[in-house]
Amino acid sequence: MAQDPAAAPLALSIVVPVYNEAENIAPVLRNLAGAVKATPYEVLIVYDFDADTTVPVVQRLVPEMPQLRLQRNDLGRGVLNAIRKGFQVAKAPSVLVMMADGSDEPQAIDEMLRRARAGADVVAGSRYVRGGGQEGGPLLKRTLSRTAGLSLHWLGRLPIHDATSNFRMYSRRLLDAVTIESSAGFELALELTVKAQRLGMKVDEVPTVWHDRTAGTSRFRLWQWMPHYLRWYWVAFGFGRSAARPAASAQPPTQSGSSADK
Ligand SMILES: Nc1nc2c(ncn2[C@@H]2O[C@H](COP(=O)(O)OP(=O)(O)O)[C@@H](O)[C@H]2O)c(=O)[nH]1
Ligand SMILES: [Mg+2]
């Protein structure tokens, strides 16, 4: 899958936040490279600290996969800041977030990009539709995620069925239009989806199966992050502090964007 990243404008940036994923990263990247036909693309591996075990493994893979770029997250530790850093440096008009632990199926990416090119500003990898699914993971997390996704779809008029999966493609247009207010972990996907919907942008989905990791440990903090998810859940229903207020004051200093996140 050798390609010259300088040869043509990038079609897609893939942001992969990593935390000590030495055991997982090589098969995940090889699987990705084998699956994605949409070229050219870049893969941004975003790590928090130099001693992260993922880094040397990725360095060894670069000759084989020139589209890999190691990116140090200098916005503060944690997966949210790593993804924000990826958004800052991503160069393509479509930006996909994908995990490094094998949970996401790269076979869906080409179809996600087709939907993005057809005008969708958010394309979710969706577990709660025909052809999608979820394998493994804590029962409570799975149940809450499914309940949130399906209730937002059937009661909250969100056009997609999975509101919280972070395997999601965003348009640069959306990333430039919103001010990210998330402050915890993976609530970001819900925030961006709700804001895209409120901006009148198109939100679409592609079925995918999510697989729990087989190596390493999850750093998902269900109880700690739950209130953050709930905030965006209520905003989606039109309750709570509205995302329509000018958000410039909530803008982290490092984040680019305007206050157009109505
Ligand atoms: N940069 C960075 N990445 C992280 C951090 N925590 C988790 N990740 C990455 O985020 C992805 C999903 O994390 P994981 O803990 O498996 O969450 P889960 O899949 O929801 O259980 C993986 O690619 C992790 O390596 C962190 O603190 N910093
Ligand atoms: Mg995981």
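On a predicted model such as this, the values are computed, not experimentally measured, just so you know. (Residues numbered from 1 in each chain as written. Chains lettered and ligands numbered in written order. Predicted model: local features only at pLDDT ≥ 70, side-chain atom pairs only at ≥ 80, totals over all residues.)

Draft legend 1. Looking closely at the overall build of the protein. In terms of helices and strands, the protein carries 8 helices and 9 strands. Here the protein, with 262 residues, has 45% of them falling under the buried criterion. Here the contacts in the protein between residues at least 6 apart in sequence split such that 79% fall between residues at least 24 apart. (Helix = DSSP H or I, 4+ residues; strand = E, 2+ residues; numbered from the N terminus. Buried ≥ 20, exposed ≤ 12 C-beta atoms within 10 Å, placed from the backbone. Contact = placed C-beta atoms within 7 Å.)

Draft legend 2. A look at the environment of Gln 107. Structurally, Gln 107 is set in the loop between β4 (94-97) and α4 (109-117). On a C-alpha basis, the gap between Gln 107 and Ala 35 in space is 5.2 Å, while along the polypeptide they are 72 residues apart.

Draft legend 3. Region of interest: the nonpolar core. One finds Val 15, Val 16 and Leu 96 to be the most contacted residues of the largest nonpolar core, which totals 66 residues. Excluding its chain neighbours within four sequence positions, the residues that come into contact with Leu 96 are Leu 12, Ile 14, Val 15, Ile 109, Met 112 and Met 169. (Core = buried A, V, L, I, M, F, W, Y, C linked by C-beta atoms within 7 Å.)

Draft legend 4. Summary view of the sheet that holds strand β2 (residues 41-47). The strand order across the open sheet built from 7 strands is β3-β2-β1-β4-β7-β5-β8, with neighbouring strands paired in mixed fashion. The open sheet has two edge strands with one neighbour each: β3 (68-72) and β8 (202-207). If you compare each strand with its neighbour and ignore which way they point, the axes differ by 20 degrees on average. In the sheet, strand β5 (residues 120-126) pairs with β8 via 6 bridges, with the strands oriented parallel. In the sheet register, Val 123 faces β8, and the bridge partner there is Asp 204. Helix-sheet contacts for helix α3 (residues 79-89) involve β1 (12-17), β2, β3 and β4, and the interaxial angle to β1 is about 160 degrees. (Pairing = 2+ DSSP bridges. Axes fitted to C-alpha atoms, helices over the stretch in contact; angles between N-to-C directions.)

Draft legend 5. Helix α1 (residues 25-35), seen in detail. When we look at burial in α1, the residues that qualify are Ile 25, Val 28, Leu 29 and Leu 32. The arc that holds every buried residue of α1, seen down its axis, measures 95 degrees, which confines them to one face. Among the exposed residues of α1, those oriented more than 90 degrees off its buried face are Pro 27 and Gly 34. Here the buried face of α1 lies against β2, α2 (54-61) and β3. (Arc of directions from axis to C-beta.)

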